[in-house]
Amino acid sequence: MNKIALSAENLTKIYKNNNNVDKSTLALNKLNLKVECGEIFGLLGPNGAGKSTFINILAGTVIKTSGKAEVWGIDLDVNPRQVRASIGVVPQEINFDPFFSPKKMLDLHAGFYGVKKNDRITELILKMVSLEEQANSYTRSLSGGMKRRLLIAKAMVHQPPILILDEPTAGVDVELRKNLWSNVKQLNKLGVTIILTTHQLYEAQEMCNRIAIINKGNLVALDTTKKLLEQIETKKIKFKVKNLNNFDKIILNNVKFTKSDDEIIATYDKNKSGFEKIIAIVKENAEIMDISTDDGDLEDIFLKLTNG
Ligand code: ADP
Ligand code: MG
């Protein structure tokens, strides 16, 4: 096993409501997980699952109720400052002074972390997030995606080995998201361990080598993205067809066939049916123009796990 970047042991958070005990919220329920150095790790869950609570505990803005957290080998209870120094947190909301330039802002922030002038890598960081050309513009003139990237830059000024992004693409359009992801992957290649939270499964699927799924504070899955995807039992085959003679003749046990215009879709459990039979029966009854398959995605697992 690789070196552990971050671990949570029975990490629990109850938000107390002093006026009404019944209204206390169990936001994290004995969470256990480990993130290895060098990973891009996804913390996945619907709204209210406890993702931000987890991150805010590490960042020191939320006090845990019980359990243990270790970051870069340091116990949060023993040295919270050192824990904070080991992580860069990219928050959900954009929060900076619109009148500073990116360069000025990063310099100020580095100062805030006690990084000496000579040790600052402001220019390099700006380059890493592709903002070197905007170094001296007003941040208010930056596009939404650039602002997000500037948030990442801000989280990196003290060169933490772990970068945590909380729902980094909320409100970011497709083009900018791609750009953001390539920047994050770049940082990971340089050795930074990445943890990102999202409620969007395709995002985790695309980015992360391992994924934890939490729901209502409970860990419901923790595995490699590949293994989680293998758990998906439902597969789909789409046929574009011509000269369909009789759709009603296309019947197979354990396979559901649906038709729309010139398309026939077979939905089946990959453990129960093979695709050869499916293709054969369609071919018997129509001319197949095109075939595509759909492996389903984490959404299937997610629904199964979070409803159950
Ligand atoms: P996520 O980031 O996954 O959407 P959060 O960690 O923000 O989830 O919230 C987890 C649960 O804790 C939710 O039920 C939320 O309402 C509750 N919660 C979050 N912050 C507070 C707070 N400061 N006071 C009380 N309850 C909170
Ligand atoms: Mg959140």
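On a predicted model such as this, the values are computed, not experimentally measured, just so you know.

Visitor: Whenever I open this one, the overall build of the protein chain confuses me. Can you help?
Guide: Along the protein chain, the regular secondary structure elements total 10 helices and 14 strands. Projected onto its principal axes, the C-alpha coordinates of the protein chain cover approximately 75 × 50 × 40 Å. When the 308 residues of the protein chain are sorted by exposure, 44% land in the buried category. Partitioning the intrachain contacts of the protein chain with sequence separation of at least 6 by distance along the chain shows that 70% fall at a separation of at least 24. Accessible surface, the protein chain: about 16,300 Å² in total, of which carbon and sulfur atoms supply 48%. Each charge class in the protein chain can be summarised by its mean position, and for the 43 positive and 37 negative side chains these summaries are 5 Å apart.

Visitor: Where do I start with the side chain of Ser7 in this structure?
Guide: With respect to the helices and strands, the residue Ser7 is situated in strand β1 (residues 4-15). When near neighbours in sequence (up to four residues on either side) are disregarded, Ser7 contacts Leu33, Lys34, Lys68, Ala69 and Glu70.

Visitor: I tried to follow the packing of helix α3 (residues 102-112) against helix α5 (residues 144-156) on my own but got confused; where do I start?
Guide: When two helices pack together, their arrangement is given by the angle between their axes and by how far apart the axes lie. Running from amino to carboxyl end, α3 crosses α5 at an angle of 30°, the nearest separation of the two axes being 9 Å. Classified by the angle between their axes, α3 and α5 sit roughly parallel to one another. In this structure, the crossing between α3 and α5 has a hand that is right-handed. Residues Pro102, Met105, Leu106 and His109 of α3 form the contact with α5, whose participating residues are Leu150, Ala153 and Lys154.

Visitor: Mind showing me how you'd approach the site of ligand 1 here?
Guide: Around ligand 1, the neighbouring residues are Tyr15, Thr25, Ala27, Pro46, Asn47, Gly48, Ala49, Gly50, Lys51, Ser52 and Thr53. Between an oxygen atom of ligand 1 and a main-chain N or O atom of Gly48, the distance comes to 2.7 Å. Within the backbone of Lys51, a nitrogen or oxygen atom sits 2.9 Å from an oxygen atom of ligand 1. A total of 560 Å² of accessible area belongs to ligand 1 in isolation, and the protein chains cover 58% of it. Only β2 (25-36) and α1 (51-59) provide two or more residues apiece to the shell around ligand 1. With three residues, the single largest contributor to the shell around ligand 1 is α1. Per-class residue counts for the shell around ligand 1 are four nonpolar, six polar and one charged.

Visitor: Can you help me understand the packing of aromatic side chains in this one?
Guide: Within a pair of aromatic rings, the relevant descriptors are the distance that separates the centres and the angle that separates the planes. Applying the stated criterion across every chain, the model contains two aromatic pairs. Taking the centre distance of 5.7 Å and the plane angle of 85° together, the rings of Phe112 and Tyr113 count as edge-to-face. Note on Phe112: relative accessible area 65%, which makes it exposed. The exposure class of Tyr113 is partly exposed, given its relative accessible area of 34%. The ring of Trp72 carries the charged tip of Lys3 above its face, separated from the ring centre by 4.4 Å.

Visitor: Please explain the domain arrangement of the protein chain as it appears in this structure.
Guide: The domain architecture assigned to the protein chain consists of domain 1 (1-86 + 161-169 + 191-229), domain 2 (93-159) and domain 3 (234-305). A C-alpha centroid distance of 25 Å is found between domain 1 and domain 2. Across the contact, eight residues belong to domain 1 and six residues belong to domain 2. Here domain 1 and domain 2 share zero salt bridges between them. Applying the counting criterion to the domain 1 and domain 2 interface returns zero residue pairs in polar contact (both at pLDDT 80 or more). Those elements giving two or more residues to the side of domain 1 that touches domain 2 turn out to be α2 (80-86) and β7 (162-166). Along the lines of polarity and charge, the residues of the side of domain 1 that touches domain 2 split into six nonpolar, no polar and two charged.

Conventions used here
Residues numbered from 1 in each chain as written. Chains lettered and ligands numbered in written order. Predicted model: local features only at pLDDT ≥ 70, side-chain atom pairs only at ≥ 80, totals over all residues. Heavy atoms only, no water. Helix = DSSP H or I, 4+ residues; strand = E, 2+ residues; numbered from the N terminus. Buried < 20%, exposed > 50% of the residue type's maximum accessible area, 1.4 Å probe, protein only. Contact = heavy atoms within 4.5 Å. Areas by Shrake-Rupley, 256 points an atom, 1.4 Å probe, with all protein chains shown as cover. Lys, Arg positive; Asp, Glu negative; His and termini not counted. Charge placed at Lys NZ, Arg CZ, Asp CG, Glu CD. Axes fitted to C-alpha atoms, helices over the stretch in contact; angles between N-to-C directions. Parallel < 35°, antiparallel > 145°, perpendicular 65-115°, else oblique. Left-handed = near helix turned anticlockwise from the far one by under 90°. Near = heavy atom within 4 Å. Polar contact = N/O pair within 3.5 Å; in protein donor to acceptor, adjacent residues only side chain to side chain. Nonpolar A, V, L, I, M, F, W, Y, C, P; charged D, E, K, R; others polar. Phe/Tyr/Trp six-rings, centres within 6.5 Å; stacked < 30°, edge-to-face > 60°. Lys NZ or Arg CZ within 6 Å of the ring centre and 35° of its normal. Domains from an automatic or database assignment. Salt bridge = Lys/Arg side-chain N within 4 Å of Asp/Glu carboxyl O.

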